[in-house]
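# Structural overview
The residues making up each chain are set out below.
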Amino acid sequence: MTNKIQQLVETAHALVAPGKGILAMDESNPTCGKRLASVDVENSEDNRRAYRELLLTAPGLGDYISGAILYDETLRQSASDGTAFPELARERGIIPGIKVDTGAKDLAGHPGEKVTEGLDGLRERLAEYSDLGARFAKWRAVITIGDGIPSRACLEANAHALARYAALCQEAGLVPIVEPEVLLDGDHSIERCFEITRETQNRVFSQLYRQGVELPGIVLKPSMVLPGKDHSKQTTPERVAEETLRCLRNTVPAAVPGVAFLSGGQSDLEATEHLNLMNKQAKKMQLPWRVTFSYARALQHVALTTWRGDKAKLDDAQQALLHRAKCNSAASRGEYNDRLEHELAA
Ligand code: 13P
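Going along each chain's sequence as written, the residues are numbered from 1 onward. Two thresholds apply to this predicted model, a pLDDT of at least 70 for residue-level local features and 80 or more for giving and counting side-chain atom pairs, whereas whole-chain, interface and lining totals are computed over all residues. To get the side-chain values, take all heavy atoms of the structure and skip hydrogens and water.

### Structural notes on the pattern of salt bridges
Opposite charge on two side chains allows them to pair when their charged atoms are near. Where we set the bar: In what follows, salt bridge is the name for a side-chain nitrogen of Lys or Arg lying within 4 Å of a carboxyl oxygen of Asp or Glu. Helix and strand assignments come from DSSP, with helices taken as H or I runs of at least 4 residues and strands as E runs of at least 2, each series counted from the N terminus. Buried residues are those whose accessible area, probed at 1.4 Å on protein chains only, stays under 20% of the maximum for their type, while exposed residues exceed 50% and partly exposed ones sit between those limits.
On inspection of all chains with the given rule, the structure shows 24 salt bridges. A salt bridge links Arg324 to Glu341; the shortest N-O distance between them is 2.9 Å. Of the two residues, Arg324 sits in helix H12 (residues 314-331) while Glu341 sits in helix H13 (residues 338-341), which places them 17 residues apart along the sequence. Residue classification places Glu341 among the buried positions, given a relative accessible area of 11%. The shortest N-O distance in the salt bridge between Lys326 and Glu343 comes to 2.9 Å. Residue Lys326 is located in helix H12, and its partner Glu343 is located in the segment after H13; the two are separated by 17 residues in the primary sequence.

Below, the structure written as C-alpha cells:
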C-alpha cells in the first residue's frame, strides 16, 4: 500500500472509530441563514461564525465526535481567540473536513430531478482545502422519489459525479464522504424506498469501481430506508433498522470501513433510536463495516433552539449539543436507552 493510501485508510477508520460519529456543520450560507432565521438571528458572517464557534468549543465534544464537516467560509474563519477553526477542531481531537459540492441543480430535461455540481476546478479547490487543514471532504447527491422518478438518467449522472469527486479527493489525500441521499419527501412506501436506495447505492459502487476509487479509503453517508413523510402508513423503528441494514448488506462492499448516516429530516430521537436499533441488531450478525452517524439537524437542532443568539445561553446550548452527541455515540454501539436520554434533564 502506498503511503497516501495508508493515510486515507487511517483517516477513514478514525472517522468511524468505535463510539464516534461525525458532526455535519457544513450548511451553505443560505441554508445556515434559514436555520438562524428560525431562531430570529440575522444571517451575518459574524453570527454564522459565532454559532459555529459555539458548536466546535463545546467542552469534550471530541469524546463523541470524530470529525466535523465545515463549509468553505467556516474553514477560513477563526474563533474569538484568533484560533483558526480547523486548528481549533484538531486541538479537540476532531478531524476537520469540508463540503466541496456546489449544490444540487435542476437536471436538464428531467423535471423534478437534481444533479449535484462542483467538479469543475475541484482539483485546485481540494489542494487549497488540504493546505487549510481539511483531511476529508463531502459531496451530497439528492435522489427524489415520485411519480416515474428517479429516472435512470438522474441515478447515473449523480453516481458518476460522486465517483469522479471521490477519485479527485483520494488523489489529493482527502477521504471522500460519499453521500447519496434518497429524500424523505413524498408519499412512497418503505418498500419503494428500499428499492430506490438499493438501486442508488448499487450504481454508486459500480461507478466508484469504474473510477478506481479505493474503497478502504472512503466513508459512505447514506439515508435510512424509511416510508415517505406523507405516506399513510408509518412503520416501526425496528422495521426501519431491519430494512436499512438489509439494504446496506446487499450493496456495500466489505472493504468500506464505515457507514455514517445523515438524519434527513427525522426528529432527533428517531435518528438516535434508528441508529441504536441497527447497532443492536448488528450484534446478532457480523457486519463488515461500522455503522454510525453524520448528522447535521439531528445533532444541532436543540443547541440552536437553546442558543437563539443569546450569549447567556451559550453554556446550555453546548450542553444540549453534547447530550445529543453522547446519545448518538451510545447508539453507535447499540447502548442507547431512555435513562441516558433523560440524563440531562435530571
Ligand atoms: P442532516 O443530518 O440534517 O440530514 O444533514 C446531513 C448532511 O450533511 C446533509 O448533507
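### Describing the nonpolar core
As a reminder, the rule being used: Throughout, nonpolar core names a set of buried Ala, Val, Leu, Ile, Met, Phe, Trp, Tyr and Cys residues whose side chains join them through atoms within 4.5 Å. When checking whether two residues touch, look at their non-hydrogen atoms; a contact exists if any pair is within 4.5 Å.
Counting residues in hydrophobic clusters, the biggest one holds 111 residues, and the most contacted among them are Leu61, Ile65, Val100, Tyr165, Leu208, Phe261 and Tyr295. The residues touching Leu208, leaving out its near neighbours within four places in the chain, are Ala163, Ala166, Val178, Val213, Leu215 and Ile218.

### Notes on the packing of helix H11 (residues 297-307) against H12
Let me state the cut-off plainly: Between N-to-C directions, angles cover 0 to 180 degrees, with each direction set by a line fitted to C-alpha atoms, over the stretch in contact for helices. Angle categories are assigned with fixed cut-offs, so that under 35 degrees is roughly parallel, over 145 is roughly antiparallel, 65 to 115 is roughly perpendicular, and the rest are oblique. Crossing handedness is defined as follows: a turn of the near helix away from the far one that is anticlockwise and smaller than a right angle gives a left-handed crossing, while the clockwise case is right-handed. For this classification, the nonpolar set comprises Ala, Val, Leu, Ile, Met, Phe, Trp, Tyr, Cys and Pro, the charged set comprises Asp, Glu, Lys and Arg, and every other residue, Gly included, is treated as polar.
For the pair H11 and H12, interaxial distance at closest approach is 8 Å and the crossing angle is 165°. Here H12 runs roughly antiparallel to H11, going by the angle between their axes. H11 and H12 meet at a crossing whose hand is right-handed. The residues of H12 that touch H11, namely those facing Ala298, Leu299, Val302, Ala303, Thr306 and Trp307, are Asp316, Ala317, Ala320, Leu321, Arg324, Ala325 and Asn328. In terms of residue class, the contact of H11 with H12 is built from 9 nonpolar, 2 polar and 2 charged.

### Section: the side chain of Gln300
This is how it is decided: Polar contact is the term for a pair of N or O atoms within 3.5 Å; when the atoms are in protein, one must be able to donate a hydrogen and the other to accept it, and sequence-neighboring residues count only if both atoms are side-chain atoms.
Here Gln300 lies in helix H11. Looking at Gln300, the relative accessible area reads 6%, which means it is buried. Among the polar contacts made by the side chain of Gln300, one reaches the side chain of Glu27 at a distance of 2.8 Å. When sequence neighbours within four positions are dropped, the list of residues in contact with Gln300 reads Leu23, Ala24, Met25, Glu27, Tyr51 and Leu55.

### A look at the pairing of strand E1 (residues 21-24)
Note the following rule: The pairing criterion for strands is at least two bridges between them, as found by DSSP.
As defined by bridge partners, E1 adjoins strand E2 (residues 65-70) across 4 bridges and the pair is classed as parallel. Note on E2: the bridge partner recorded for Ile22 is Gly67. Two strands pair when backbone bridges link them, and E1 and strand E10 (residues 290-295) are joined in this way by 2 bridges, in the parallel orientation. Bridge pairing in E10 links Leu23 to Tyr295.

### As for a negative patch on the surface
Defined as follows: Surface patches are defined over residues having more than 30% relative accessible area and no salt bridge, joining like charges when they lie within 9 Å and nonpolar side chains (Val, Leu, Ile, Met, Phe, Trp, Tyr) when within 5 Å. To measure how exposed things are, a 1.4 Å probe is used in the Shrake-Rupley method; for residues, cover is taken only from the protein chains shown. Under the counting rule used here, the positive set is Lys and Arg, the negative set is Asp and Glu, and His together with the chain ends is not counted. By convention, the charge on Lys lies at NZ, on Arg at CZ, on Asp at CG and on Glu at CD.
There is a patch of like negative charges on the surface, built from Glu238, Glu242, Glu270, Glu273 and Asp338. Elements represented by at least two residues in the negative patch include exactly helix H9 (237-251) and helix H10 (268-282).

### Some words on the site of the ligand
Under the convention used in this document: We call a residue near a molecule or strand as soon as one heavy atom of that residue lies within 4 Å of the molecule or strand. In this analysis, the protein atoms alone were mapped onto a 1 Å grid. Cavities are point sets where a 1.4 Å probe fits without being able to get out; pockets are open sets with protein on both sides within 12 Å along at least five of seven lines; lining residues have an atom within 4 Å of a point. A pocket or cavity is taken to hold a molecule when more than half of that molecule's atoms are within 2 Å of the pocket's grid points.
Neighbouring the ligand are Ala24, Lys138, Arg140, Glu179, Lys221, Leu262, Ser263, Gly264, Ser294, Tyr295, Ala296 and Arg297. Between Ala296 and the ligand, the recorded distance is 2.9 Å, taken from a backbone N or O atom to an oxygen atom. Arg297 places a side-chain nitrogen or oxygen 2.6 Å from an oxygen atom of the ligand. Because more than half of its atoms lie within 2 Å of the grid, the ligand is assigned to the largest pocket. For the shell around the ligand, the secondary-structure elements that each account for two or more residues are strand E6 (136-143) and E10. Of the residues belonging to the shell around the ligand, the class tally is 4 nonpolar, 3 polar and 5 charged.

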